[in-house]
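# An overview of the molecular structure
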Amino acid sequence: MKILFAHLLNNYTGSPKVLAILLNELCKNNSLEISLLTSKTDGALSGISNIKYHDNFYRWHENKLLRIFQFTFSQAWNCFFTFFADFDVLYMNTVLPFGAAIAAKIRRKQIIYHVHEVYINPGFLKRFYSWVMNKCASKLICVSKYVKDNVDFKDSVVVYNPVEKTEVPRDVDLYLKRKFERKLIFMPTSLKKYKGVFQFVELARIMADFDFILLCSSEHSEMQKFFSETSLPKNLTLIGKQKSLEKFYREATISINLSLYDKFIETFGLTVLESFDALAPVIAPNYGGPKEIIQNGKNGFLVDSYNLIQICECIQKIMFDFETYKNFALNARKRAEDFCKEKFLSGIETILESLGNEID
């Protein structure tokens, strides 16, 4: 079977990370011929063996007009390329490369949509993406029950994103004691107001006896510009985009997600799982994907992102003493194991096999 994967921007965010896990496994299957249509940029999808790469000519620009032009040109190319490409199944990673879906639909090909998001701005663009998806998709893969409940498509299935497991330190007690004593609160996110970045700044100001790290998927210079009119507390460190976050998770005492539920709801929460894998408890909103991962009061807390006092209290509960912290951390690691790569791959491969049988 020949599968064409389409993904708009290759970078180090969640959706390309998840696709990279899938492609690294599928490329071992000699019965599959895999092509990838994505941007020729550095990211999680770069350098995977045994797949054919095709540039979709998309590049992100800070200038809005250039960004719109590049996006429009890329979609036109997606459509043109897919119309003439040799494949049996189109695998859409996110709803964004819609040009490929339109061409595949015209050719009456099987189309899988892997839906990672439901919050897209502006609203008219979200409605357009949804319309194309509903007209073109043969099968929908949703990253959470929350996504499944918020897409209007009958043939959809939930396959939770996986976390790449890392080795547990040999001396777990020593590892956790260092994390406990470090008193470091970590928030990996994108540089958006609706992600609660200003709430995180205020939290750092309130909890002066803790160190805080805000890591965003933007250049450090962009972060400085973003906060240029904000007085930042001395216990807060800003860090720009990184290829790997593993060392930050391993140093973090507690990881936080402060997405503002009235403006944006996390559809899954890969950073929650990555934190759990590194034995870091997580505090996150009581909405969307995190609600399906975090066991409140056991491996973290589900909170109101606007209620900083409640968040401070949750941090203090986790940090009550070392034994309490250790229990939260070990429970976090145990929960991460429920989202293993094997379950994810099994779910996706079952869908691919069913479509393969239809093609045969």
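Our subject is the structure that appears above.
The following paragraphs examine the structure supplied in this document. (Residues numbered from 1 in each chain as written. Predicted model: local features only at pLDDT ≥ 70, side-chain atom pairs only at ≥ 80, totals over all residues. Heavy atoms only, no water.)

## Considering the overall build of the protein chain
- In terms of regular secondary structure, the protein chain is built from 14 helices and 13 strands.
- Over its C-alpha atoms the protein chain spans a radius of gyration of 21 Å, differing by no more than 12% from the 21 Å that the globule rule assigns to 360 residues.
- Judged by the C-alpha coordinates and their principal axes, the protein chain covers about 60 × 45 × 35 Å.
- Taking all 360 residues of the protein chain together, 54% fall into the buried category.
- Of the contacts formed within the protein chain by residues at least 6 apart in sequence, a portion of 66% connects residues at least 24 apart.
- When the accessible area of the protein chain is evaluated, it comes to approximately 17,000 Å², of which 51% is carbon and sulfur surface. (Helix = DSSP H or I, 4+ residues; strand = E, 2+ residues; numbered from the N terminus. Rg over C-alpha atoms; globule rule 2.2 N^0.38 Å. Buried < 20%, exposed > 50% of the residue type's maximum accessible area, 1.4 Å probe, protein only. Contact = heavy atoms within 4.5 Å. Areas by Shrake-Rupley, 256 points an atom, 1.4 Å probe, with all protein chains shown as cover.)

## Observations concerning the layout of surface pockets
- One number sums up the size of the second largest pocket: a volume of about 480 Å³.
- Around the second largest pocket sit 22 residues that line it, and K17, I21, E164, S244 and E274 are the ones nearest its centre.
- The set of elements that each furnish at least two residues to the lining of the second largest pocket consists of helix 1 (14–26), helix 9 (246–251) and helix 10 (270–277).
- The biggest single contributor to the lining of the second largest pocket is helix 1, with five residues. (1 Å grid on protein atoms, 1.4 Å probe; cavity = no way out; pocket = protein on both sides within 12 Å on 5 of 7 lines; lining within 4 Å. Points joined across faces, edges and corners; volume = space filled by probe spheres on them.)

## A word on the side chain of H7
- Within the element layout of this structure, H7 appears in the loop between strand 1 (2–6) and helix 1.
- The exposure class of H7 is buried, given its relative accessible area of 3%.
- Apart from the residues lying within four places of it in its own chain, the contact partners of H7 are S15, P16, L19, L37, T38, S39, L45, N56, N93, T94 and P97.

## What to know about helix 10
- Of all eight residues that make up helix 10, seven are buried, and the element is covered over most of its length.
- Looking one or two residues past helix 10, L279 carries a phi angle of roughly 60 degrees, positive in sign.

## Details of the packing of helix 7 (residues 197–206) against helix 12 (residues 308–318)
- With their axes 11 Å apart at the nearest point, helix 7 and helix 12 run at an angle of 60 degrees to one another. The angle between helix 7 and helix 12 falls in the class oblique. Crossing handedness for the pair helix 7 and helix 12: right-handed. Contacts from Q199, E202, L203 and I206 in helix 7 reach L308, I311, C312 and I315 in helix 12.
- Taken together, the residues of the contact of helix 7 with helix 12 break down into six nonpolar, one polar and one charged. (Axes fitted to C-alpha atoms, helices over the stretch in contact; angles between N-to-C directions. Parallel < 35°, antiparallel > 145°, perpendicular 65-115°, else oblique. Left-handed = near helix turned anticlockwise from the far one by under 90°. Nonpolar A, V, L, I, M, F, W, Y, C, P; charged D, E, K, R; others polar.)

## As for the nonpolar core
- Formed by 76 residues in total, the largest nonpolar core has its most connected members in F5, L22, L23, L90, Y91 and Y113.
- For this core, the leading source of residues is helix 1, giving seven residues.
- Residues I213, M223, I315 and A329 belong to the second largest nonpolar core, which totals 49 residues. (Core = buried A, V, L, I, M, F, W, Y, C linked by side-chain atoms within 4.5 Å.)

## So, helix 7
- Buried within helix 7 are the following residues: V197, Q199, F200, V201, L203 and A204.
- Summarising the contacts, the buried residues of helix 7 are in contact with strand 8 (184–189), strand 9 (211–216), helix 8 (220–226), strand 10 (236–239), strand 11 (254–256) and helix 12.

## Here we look at the environment of L191
- With respect to the helices and strands, L191 occurs in the loop between strand 8 and helix 7.
- The spacing of L191 and M223 is 32 residues in sequence and 7.2 Å in space, taken between C-alpha atoms.
- The residues touching L191, leaving out its near neighbours within four places in the chain, are C216, S218, E222, M223, F226 and F227.

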